[in-house]
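The lines below spell out each chain.
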Amino acid sequence: MKLLGLRLCTHDSNISYFDGTNLHYYKSERKHGIKHHAYNNLWQWQKEIKDLWNVDYNEIDEIAIIIDSQVHKLPLDNEDFFPAVDYNYLPVRNKVVRVNHHYAHALSCFPVTTKTPKVDIVIDGYGDYNISWTVFKDRKLIKKGLITEVGSIGKGMNRAGAYLGVQSEHDDDYAGKVMGLQSYGTINNDFLKHLERYDMNSINKIFDIGEWFDFHGDHLVGNLKPLDWIKTVHQRIDDLLVSFVSEYANDDDVISYSGGVAQNVIWNTTLRNKFKNLVIPPHCADEGLSLGAIEYLRIKNKLKPFKLDNFPYCQTDERPDGFVEDTTIEKVAQYLKDGKIVAWYQGNGEIGPRALGHRSLLMNPTIPDAKLKVNKIKKREVYRPFGCSILEEHQKEYFGTDIHNPHMLYVGNTTKYNLKSITHIDGTCRFQSVTPTDGPFYKLLKSFYDITNCPVLLNTSFNINGKPILGNTNDTKSFYENSDIDVLVIGNKIYTK
């Protein structure tokens with residue numbers, strides 16, 4: 001049986017395909033070179049699946065889709081549905097169903113847990129019918145919040161970014177930048193107490209800058225302290241999320257958490273410290289929706305659980321030939337010790353927005369100006385922090401936590417060691433736990449540790465600000481040749497200048 005999951009909306013189009021034996025995943029931005037790329041029609045995907053997997057759409061037994069109807073000027077008379085409805089607007093004769101946007105988010109968590117979650121929490125900018133958050137319990141819809149009634153955390157962060165003067169080429173990148181910027185503020189405890197009157201049913205009030213102005217009694221005074229405002233608002237959301245999840249789940253329940261808001265590593269860490277069985281996929285934002293669609297079809301058709309091979313390194317993009325050898329790894333470790341900036345391109349690309357050792361820019365974190373040098377290449381704002389990768393056996397010592405964090409979804413405290421290039425102004429770092437299952441990347445980190453006694457590497461995604469992570473070797477070589485990157489490693493081949 002051949003199944004297809006499609007995400008065709010305003011941004012982050014992606015496709016998942018089950019060929020009867022194996023499951024495949026593709027995010028269109030990696031091929032088209034446009035961050036958050038989306039199809040502006042309902043038919044281009046047909047050519048894409050032919051090019052990618054040599055499959056004709058007529059061969060597909062069933063299709064599930066997640067779509068924003070208004071984008072494609074389709075009727076809006078049946079937007080409030082769960083879990084799915086028949087869908088007759090694709091230009092095909094195949095059986096097509098449309099899956100509830102937030103339900104697809106919840107179902108997309110299957111690669112990161114073998115247990116069916118007791119509770120699924122989904123929070124983003126908005127899903128179908130302007131829904132900003134949804135709670136599922138035992139896979140039944142329990143409660144939802146409409147933007148028009150309660151507001152939206154995702155949209156609130158976007159508006160905050162615009163107010164603060166954050167520059168972003170795409171609306172969906174505001175929130176991540178605000179997450180880094182808010183750390184420069186100071187919590188106003190009196191205003192924080194004021195915000196406690198608002199909950200998940202009044203998110204719009206929490207993000208209302210007018211509340212801040214009224215609190216100060218003067219518009220000018222409020223405007224002079226914008227970072228304190230967003231820092232306090234950010235902390236209120238942190239507290240609120242814990243109380244919100246506690247309404248529906250016990251501390252030891254298996255809980256899935258997804259949607260774009262689940263990319264906030266600060267809030268994630270607070271939740272994970274409370275709920276020990278919290279699971280968050282690296283594709284928690286809309287790039288995971290086609291996986292949720294394919295999982296819906298699997299359950300509907302009573303098929304055995306799917307396995308996404310090499311997860312999370314499962315992008316259908318260009319994979320280098322062969323494998324990186326130990327002698328190559330040792331040479332690269334020495335380059336890193338010497339302070340060289342290394343671009344590392346191995347295997348298939350990671351699913352999700354963060355580099356996990358297959359499409360990474362790497363540097364020795366003990367180099368005093370490492371952040372400045374990498375920032376110059378990435379063309380990122382100076383206020384934004386860099387993440388890192390660490391041998392898991394050392395993370396408790398360095399970051400004060402033993403949370404298994406293979407997908408860089410949580411933060412740890414870095415104040416014990418003087419690693420300024422990866423330490424944010426608040427004393428934290430978003431880190432990746434690296435284990436022997438990570439293959440060559442683990443070997444590289446281990447080799448670097450052996451010659452430096454430092455088990456950490458600065459690790460950021462192999463792209464520049466506003467562009468997607470690289471997915472083919474031609475673009476990779478061009479990027480390298482026109483940048484200040486010192487060393488490029490593609491498979492077993494080392495390029496130097």
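Higher on the page you've got the structure.
These numbers come from a predicted model, not from an experiment.

**Q** Go over the overall build of the protein, please, and point to the residues and values.
**A** Helix and strand counts for the protein come out as 18 helices and 19 strands. Relative to its length of 497 residues, the protein is compact, with a C-alpha radius of gyration of 22 Å against a globular reference of 23 Å. The dimensions of the protein, computed from C-alpha atoms along their principal axes, are 65 × 60 × 40 Å. When each of the 497 residues of the protein is scored for burial, the buried share is 60%. Of the contacts made within the protein by residues no fewer than 6 positions apart, 66% connect residues no fewer than 24 positions apart. In the structure as shown, the protein presents an accessible area of about 20200 Å², 47% of it carried by carbon and sulfur atoms.

**Q** Can you explain helix α15 (residues 370–378)? Please cite residues and give values.
**A** Looking at α15, one finds that the buried residues are Ala370, Lys371, Val374, Asn375, Ile377 and Lys378. Looking down the long axis of α15, one finds its buried residues gathered within 160° of arc, a one-sided arrangement. Pointing more than 90 degrees away from the buried face of α15 are the exposed residues Leu372 and Lys376. Lysine 379, located one to two residues past α15, shows a positive phi value of around 60°.

**Q** Can you break down the packing of helix α5 (residues 153–164) against helix α6 (residues 174–181) residue by residue, with the values?
**A** It is the contact of α5 with α6, at a shortest axis distance of 8 Å, that shows an interaxial angle of 65°. One finds that α5 runs roughly perpendicular with respect to α6. By crossing handedness, the relation of α5 to α6 is classed as left-handed. Facing α5, whose interface residues are Met157, Asn158, Ala160, Gly161, Ala162 and Leu164, α6 presents Tyr174, Ala175, Val178, Met179 and Leu181. Partitioned by chemical class, the residues of the contact of α5 with α6 number 9 nonpolar, 2 polar and no charged.

**Q** So what's going on with the sheet that holds strand β12 (residues 342–345)? Residues and values would help.
**A** What the 8 strands build is an open sheet, ordered β15-β16-β14-β17-β13-β12-β18-β19; its pairing is mixed. Looking at which strands have only one partner, the edges of the open sheet turn out to be β15 (410–413) and β19 (493–496). Averaged over neighbouring strand pairs, the angle between their axes works out to 35° when direction is ignored. Taken together, the 4 bridges between β12 and strand β13 (residues 359–363) define a ladder with antiparallel strand orientation. Note on β13: the bridge partner recorded for tryptophan 344 is serine 360. Sitting on the sheet, helix α17 (residues 440–452) touches β12, β13, β14 (388–391), β16 (428–434) and β17 (456–461), and the angle it makes with β14 is about 80°. Against the sheet, helix α18 (residues 473–481) touches β12, β18 (487–490) and β19, its axis set at about 170° to β18.

**Q** Let's hear about the pairing of β19: which residues, and what values?
**A** Looking along a regular strand, one sees the side chains alternate between the two faces of the sheet. Pairing between β18 and β19: 4 bridges, direction antiparallel. If you follow leucine 488 over to β19, its bridge partner there is tyrosine 495. The antiparallel hairpin formed by β18 and β19 contains 2 residues in its connecting segment, where glycine 491 sits at a positive phi of about 60°.

**Q** Break down the packing of aromatic side chains for me, citing the residues and quoting the values.
**A** To describe a pair of aromatic rings, you give the distance between the ring centres and the angle between the ring planes. With the rule as written, the count across this model stands at 17 aromatic pairs. Seen from their ring centres, tyrosine 26 and tryptophan 53 are 6.5 Å apart, and the 90° between their planes marks the pair as edge-to-face. Remark: tryptophan 53 occurs in helix α2 (residues 44–53) and tyrosine 26 occurs in strand β3 (residues 23–27); sequence separation between them is 27 residues. Its relative accessible area of 2% is what places tyrosine 26 among the buried residues. Exposure remark for tryptophan 53: the relative accessible area of 15% places this residue in the buried category. Aromatic side chains tyrosine 103 and phenylalanine 136 sit 5.4 Å apart centroid to centroid with 55° between the ring planes, which places their arrangement in the tilted category. Taken together, the residues span a long stretch of sequence, with tyrosine 103 in helix α3 (residues 101–107) and phenylalanine 136 in strand β8 (residues 131–137) at a distance of 33 residues. Taken together through their ring pairs, the aromatic side chains of Tyr17, Tyr26 and Trp53 make up a single cluster.

**Q** Any chance you could break down the nonpolar core for me, citing the residues and the numbers?
**A** Judged by nonpolar contacts, the single largest core of 49 residues is most densely connected at Ile121, Ile123, Ile153 and Tyr257. In this structure isoleucine 123 touches Ser132, Trp133, Ile153, Met200, Leu241, Phe244, Tyr257, Ser258, Gly259, Gly260, Val261 and Ala262, once residues within four positions along its chain are discounted. Leu3, Tyr25, Val96 and Leu297 belong to the second largest nonpolar core, which has 48 residues in total.

**Q** How would you summarise the state of the cysteines if you had to cite specific residues and measurements?
**A** Within this structure, the stated rule accounts for 0 disulfides. We note that cysteine 109 lacks a disulfide partner, and the nearest cysteine sulfur, in cysteine 284, lies 8.5 Å from it. The exposure class of cysteine 109 is buried, given its relative accessible area of 1%.

**Q** Which residues make up the sheet that holds strand β2 (residues 14–18), and what values do they have?
**A** Spatially, the 6 strands line up as an open sheet ordered β3-β2-β1-β4-β6-β5, and their pairing is mixed. If you trace the sheet from one side to the other, it starts and ends with β3 and β5 (84–86), each paired once. Sheet twist, expressed as the average angle between the axes of neighbouring strands with direction ignored, equals 20°. Pairing analysis gives 5 bridges linking β2 to β3, with the strands arranged antiparallel. If you follow isoleucine 15 over to β3, its bridge partner there is tyrosine 26. In the packing of helix α13 (residues 289–300) onto the sheet, the strands contacted are β1 (3–8), β2, β3, β4 (62–67), β5 and β6 (95–99), and the crossing angle to β1 comes to about 145°.

**Q** Tell me about the packing of helix α11 (residues 226–248) against helix α12 (residues 265–274), and name the residues and values.
**A** Where α11 meets α12, the closest approach of the two axes is 10 Å, and the angle between their N-to-C directions is 35°. Viewed along their axes, α11 and α12 form a crossing whose handedness is right-handed. On α12, the residues touching His234, Ile237, Asp238, Leu241, Val242, Val245 and Ser246 of α11 are Ile266, Trp267, Thr270, Leu271 and Lys274. Classifying every residue of the contact of α11 with α12 by side-chain character gives 7 nonpolar, 3 polar and 2 charged.

Cut-offs and rules
- One numbering rule holds for all chains: residues counted from 1, following each sequence as written.
- Local features in this predicted model are restricted to residues whose pLDDT is 70 or higher, and side-chain atom pairs enter the listing and the counts only when it is 80 or higher, whereas totals over whole chains, interfaces and linings include all residues.
- To get the side-chain values, all heavy atoms of the structure are used, and hydrogens and water are removed first.
- Per the convention used, a helix needs a DSSP run of H or I reaching at least four residues, while a strand needs a run of E reaching at least two, with both numbered from the N terminus.
- The reference for a compact globule is 2.2 Å times residues^0.38; the radius of gyration itself is calculated from the C-alpha atoms.
- Think of it in three bands: residues with accessible area under 20% of the maximum for their type are buried, residues over 50% are exposed, and the middle band is partly exposed, with areas taken using a 1.4 Å probe on protein chains only.
- Whether two residues are in contact is decided by their heavy atoms, any of which lying within 4.5 Å being enough.
- Per-residue accessibility takes into account occlusion by the displayed protein chains alone, with areas from the Shrake-Rupley method and a 1.4 Å probe.
- The reported arc concerns the directions from the helix axis to the C-beta atoms and nothing else.
- Interaxial angle, 0 to 180 degrees, is taken between N-to-C directions of lines fitted to C-alpha atoms, where a helix line uses only the stretch in contact.
- Any angle that falls under 35 degrees is termed roughly parallel, while one over 145 is termed roughly antiparallel, one within 65 to 115 roughly perpendicular, and all others oblique.
- Each crossing gets its handedness from the near helix: less than a right angle anticlockwise from the far helix is left-handed, clockwise is right-handed.
- Residues are grouped as follows: Ala, Val, Leu, Ile, Met, Phe, Trp, Tyr, Cys and Pro are nonpolar; Asp, Glu, Lys and Arg are charged; every other residue, Gly included, is polar.
- By the convention used here, strands pair only if DSSP detects at least 2 bridges between them.
- Stacked, tilted and edge-to-face pairs are distinguished by plane angle, under 30 degrees for stacked and over 60 for edge-to-face with tilted covering the rest, among Phe, Tyr and Trp rings (Trp via its six-membered ring) whose centres lie within 6.5 Å.
- Grouping buried Ala, Val, Leu, Ile, Met, Phe, Trp, Tyr and Cys residues that are joined through side-chain atoms within 4.5 Å yields what is termed a nonpolar core.
- Here, a disulfide means two cysteine sulfur atoms that sit within 2.5 Å of each other.

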